[in-house]
Amino acid sequence: MTFCNFSKHPIFMDNLSPLHHLNPYSHQNPKRNHMLPKSLPPSSISLPIPDTHSPPSSPIQFSPPKVSPFFHPFDEFNELTTLNSVKEMHAQMVKNPKNVNFTTIDGTMMRNYLEFGDFVSAIKVFFVGFARNYLLYNSFVEEFESFGGDPFEILVVFNELHSKGVEFDSKAFTFILKICMALKDLCVGLEIHACFIKKGFHDDVHLNCALINFYEKCWSIDKANQVFYETPNQEDFLWNTIVMANLRSEKWKNALELFGNMQRVSAKATPGLIVKMLQACGKLRALDEGKQLHGYALRFGLVSNTRVCNSIISMYSRNKRFKLAKSVFDSMEVCNRNLSSWNSIISSYTVDGCLSDAFDIIVKEMECSGIKPDIITWNSVMLGYVLQGSFEMVLTSFRSLCNAGFKPDSCSVTSALKAIIELGFFKLGKEIHGYIMKSNLNCDVYACTTLVDMYVKNDCLEKAHAVFRHAKNKNVCTWNSLISGYSYKGLFGDAEKLLNQMEEEGIKPDLVTWNCLVSGYSMGGRIEEALAVMNQIKSSGITPDVVSWTALISGCSQNGKYTDALKVFSQSQAENVKPNLTTICSLLCACAGPSLLKKGEEIHCFSMKLGIVDDIYVATALIDMYSKAGKLEVAHNVFSKIQEKTLPCWNCMMMGYAIHGHGEEVMILYDKMRDKRIRPDAITFTALLSGCKNSGLVDEGWKYFDSMQEDYNIIPTIEHYCCMVDLLGKAGFLDEASDFIKTMPIKPDASIWGALLTSCRIHKNIKLAEVAAEKLFKMEPKNSANYVLMMNLYSSLNQWDDVERLKRSMITLAVKSPPVWSWTQVNQSIHVFSTYGKPHPEEGEIYFELYRLISEIRNLGYVADLNCVCQNIDDNEKEKVLLSHTEKLAMVYGVMKMKGGSPIRVVKNTRICRDCHTVAKYISLARNCEILLRDYGRFHHFKDGKCACNDCW
Ligand SMILES: [Zn+2]
Ligand SMILES: [Zn+2]
């Protein structure tokens, strides 16, 4: 075995050293052999005799000596100004040893050598003379380093002395092992181990403990354990050392086992070990073992030890036994509670998520008992507020922390930034960013990640990227924050680039990384790509979780791909993924979109089975789904069962009534809501105005429009203006509607002009219609609906030239009419009637029934509305065109398959035409049935020959 790596620190002991003669072989062997001799030379070393005949070394002047806390030089040494004079003095003292206290002399000499930078001589004096006083070992290293000495030299000199036969005792070995451990020098340590076995030191407990620590740090815990098992006398000190070593190496199971054995042999654990064991039990959530340690502490009277008590409190709170934690805290003598006891109990409250006022109480109580909160206290309190979602309180505490004179650390700024993100106080966020840079907290990975997150949420991707680039430490969360930013912005190229970069830098993407991409692609409507990412996840060996699947489902649903959403859901079911609240809500949205009542009912049952039907979000989504499916009573039923109705619940129910044209009901609900002291928001007023619009309640509409600004300070959005234009226009106040548009403070968009155009068609106002149409043709040149509306109007006034003109411009501009479709659900299957694609298989029977129905209702007074056909053809042909309308076919199919009294439900993707509206009313009268038809904008509810829309849509 060799001593290795001395090349970095060549041995520079020169012949001028007062100690050089110590080596009996030095002249024969001027080149130092760095190998430890197999057997040590049998020389006993006497005190050093300095070689006074050697030429003086260069007189280097050193800076004035530092005041040593430990060594006090003799007065006569104060005169010494060169290294040489020190050597001379040393020699003299050795020659005349009378009346000299060697310990003091050695200390003085050592310090003088240190002062003149002759570290080798200093070490030699230490080992050869001075080291008899063991207590000075640690102080020596400290002193040595304070003069700029490299501890490695101690090993070098030790090796040399050892190889020259200097005898060392077990204390010296212990000392050297400690240095080996600090320097992680495995080779020297191994040599020492070999040596002391030979010398028979193996039952020296201190040496064995040093050896255990050395192996644990420089090699492996297994080797350390082996030393422990090979030591004959396992004293208490050794037990404590080995358990501690296992704890340090995070060998929790081993440590617990050893601790058990230790108790069996009645070895006593130190309070320090108990503290570390308790911390491990907290980390491992090992409650049973933690309780045993609590018992041990009680049995051996360690509960009067504050550190032990604090660790018991932390252990219980980490194991979520807050009551136990509290009772330990309460049982502590008030005088025994120190700052960290209070911090332990406060952090226990934090984890428990207790009520916000508890923090104030406990902080006050703490101050009353004379202990001032420190930064850890404040950080715990802030974290508690973050976990509770009391974000204003986080910032209040942050201010208190600063006012109390503490410098916020990375924990404080991370909590503050989280609150800032939630509250949207980005200006304050930028200030904190400045503080982070000034205080060098940008090395902290958590602070940086939250900062990246803040800029992402504040829509400043560039800033986020800049913070990211300059972050000194990044973890997978930092990468995820930035990737999610790019992904949600739809910048998938950049997101994927980051993903690759991340992998190149050796950071493996986790499920969160992948889910960011799935979400981004799904939200952007790029379902194919989202599905591709799902496959990528699987191929990287990770299983997509409920978050991945829900992102996909809600992406499909939000982009109108409702059937895809339901398909993805079945697939997730096949892969045994348990849906969560968000999944169920997204699914209900997917059913509400196309009014898939049957599927919606299934999801309703499913949520009952999952036991989440009472959740406020699920209930709200159910109200939405049932009202959009035309089941207002069921929606109201769900609504009335909600105990604590939130604003979104009320809004949702009001909107349900509004789309069905029950304006009065909307207003009643609004009054009830205000009685409950719930403050309306912008959506409430959209619901109110929609209700008024669909029921022709002009005065009420004005009242609410004024009230939202005056009473609630809500600035109307384009949606509110649109409702008002619609309301005024449909009620026949076309000029008022037109004036209203002119005075609007925001630029009218296509929805506003579209609302005006629709009203102009109802009231046949060609002049205003042309104004609106002109705007619309500019804003949406490719939207066929606008052309169709105008053509309808022209044809109803027999202005066929204008109809032809529009048809030509549609051809020139390549405006294509999208396929028109209607569908109805019979039993479990959906029957689609479309202007494109395959005809329905039962088409013959349907037309037979339609002709029968038409002649039947003619007897009741029905006359075909030929104005609905904007083709210049004869009336017979026009009647045939009218009969082919998809909503008629869907309604008739519903009548054919109708069972019992359940209503016929039809969904159409464009506005229902006047003639079909009239036919629907007559059918409801002739066949005594209800027809619910949801068209592009609203619901029509036909019953007893009337429609709930009062023919105004
Ligand atoms: Zn029609
Ligand atoms: Zn109607």
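Residues numbered from 1 in each chain as written. Chains lettered and ligands numbered in written order. Predicted model: local features only at pLDDT ≥ 70, side-chain atom pairs only at ≥ 80, totals over all residues.

Draft legend 1. View of the overall build of the chain. When you go through the chain residue by residue, the secondary structure sums to 47 helices and six strands. By sequence separation, contacts in the chain at least 24 residues apart represent 64% of the contacts at least 6 residues apart. (Helix = DSSP H or I, 4+ residues; strand = E, 2+ residues; numbered from the N terminus. Contact = placed C-beta atoms within 7 Å.)

Draft legend 2. Geometry of the sheet that holds strand β5 (residues 939-943). In spatial order, the strands read β2-β1-β3-β4-β5-β6; together these six strands make up an open sheet with mixed pairing. Since the sheet does not close on itself, it has two edges, and those belong to β2 (829-834) and β6 (946-947), each with one partner. Here two bridges tie β5 to β6, and the two strands are oriented antiparallel to one another. In the sheet register, phenylalanine 942 faces β6, and the bridge partner there is cysteine 947. (Pairing = 2+ DSSP bridges.)

Draft legend 3. Spatial organisation of the UniProt feature "repeat: PPR" (unreviewed entry) in the chain. In this structure's numbering, the residues bearing the UniProt feature "repeat: PPR" (unreviewed entry) are residues 338-373, 374-408, 475-509, 510-544, 545-579, 646-680 and 681-711. Span residues 374-408 is 77% helix and 0% strand, its end C-alpha atoms 11 Å apart. Note that residues 681-711 is 87% helix and 0% strand, and that its end C-alpha atoms are spaced 11 Å apart. (UniProt positions renumbered as here; feature names shortened; annotations may be inferred.)

Draft legend 4. Expanded view of the nonpolar core. Leu588 and Val725 are the most contacted members of the largest nonpolar core, which totals 254 residues. Considering each element in turn, this core owes the most residues, nine residues, to helix α34 (residues 647-659). With residues up to four places along the chain from it excluded, the contact list for leucine 588 reads Gly600, Ile603, Ala621, Leu622, Asp624 and Met625. (Core = buried A, V, L, I, M, F, W, Y, C linked by C-beta atoms within 7 Å. Buried ≥ 20, exposed ≤ 12 C-beta atoms within 10 Å, placed from the backbone.)

Draft legend 5. Expanded view of unusual backbone geometry. In the Ramachandran plot, arginine 285 falls in the positive-phi region, its phi being about 55 degrees despite a non-glycine side chain. Inspection of the secondary structure assignment puts arginine 285 in the loop between α12 (271-283) and α13 (287-299). One non-glycine residue, asparagine 798, adopts positive backbone phi at about 60 degrees.

Draft legend 6. Representation of the packing of helix α40 (residues 750-762) against helix α41 (residues 766-779) within the structure. The contact between α40 and α41 brings their axes to 9 Å, and the two run at 145 degrees. Crossing of α40 against α41: the hand is left-handed. Within the contact between the two elements, α40 uses Ala750, Trp753, Gly754, Leu756, Leu757, Cys760 and Arg761 and α41 uses Leu768, Ala769, Ala772, Ala773, Lys775, Leu776 and Met779. Here the residues of the contact of α40 with α41 are counted per class, giving 11 nonpolar, one polar and two charged. (Axes fitted to C-alpha atoms, helices over the stretch in contact; angles between N-to-C directions. Left-handed = near helix turned anticlockwise from the far one by under 90°. Nonpolar A, V, L, I, M, F, W, Y, C, P; charged D, E, K, R; others polar.)

Draft legend 7. Seen up close, the pairing of strand β1 (residues 821-826). Relative to β2, β1 runs antiparallel, the two being bridged by six bridges. Along β2, the bridge assignment pairs glutamine 825 with isoleucine 830.

Draft legend 8. Examining the environment of histidine 206 more closely. Its place among the elements puts histidine 206 in helix α8 (residues 205-218). Remark: the alpha-carbon pair of histidine 206 and phenylalanine 237, spanning 31 residues in sequence, is separated by 8.2 Å.

Draft legend 9. Inspection of the packing of helix α42 (residues 784-796) against helix α43 (residues 800-812) at higher detail. The interhelical angle for the contact between α42 and α43, taken along N-to-C directions, is 165 degrees, at an axis separation of 9 Å. As summarised for this structure, α42 and α43 are arranged roughly antiparallel, according to the angle between their axes. Of the two elements, α42 crosses α43, and the hand of that crossing is left-handed. Contacts between α42 and α43 involve Ser784, Tyr787, Met790, Met791, Tyr794 and Ser795 on the former and, on the latter, Asp802, Val803, Leu806 and Met810. Of the residues that constitute the contact of α42 with α43, the class distribution is seven nonpolar, two polar and one charged. (Parallel < 35°, antiparallel > 145°, perpendicular 65-115°, else oblique.)

Draft legend 10. Focus on helix α28 (residues 546-558). For α28, which comprises 13 residues, the first-to-last C-alpha distance of 18 Å matches the rise-based estimate of 18 Å (1.5 Å per residue) to within 8%. Counted residue by residue, α28 has 10 buried out of 13 residues, so it is predominantly covered. Every buried residue of α28 is listed here: Ser548, Trp549, Thr550, Ala551, Leu552, Ile553, Ser554, Gly555, Cys556 and Ser557. Residues of α28 that are buried in the fold lie against α26 (511-523), α27 (527-539), α29 (562-574) and α30 (581-592). (Expected span 1.5 Å × (residues − 1).)

Draft legend 11. View of α43. Taking 1.5 Å of rise per residue, 13 residues should cover 18 Å, and α43 covers 18 Å from first to last C-alpha, within 8% of that figure. Of the residues flanking the end of α43, it is alanine 814, one or two places downstream, whose phi is positive at about 55 degrees.

Draft legend 12. Representation of the environment of tryptophan 821 in the model. Assignment of secondary structure puts tryptophan 821 in strand β1. The sequence separation of tryptophan 821 and valine 832 amounts to 11 residues, and the corresponding C-alpha distance is 6.8 Å. Here tryptophan 821 is in contact with Val832, Phe833, Ser834, Thr886 and Asn909, once residues within four sequence places are set aside.

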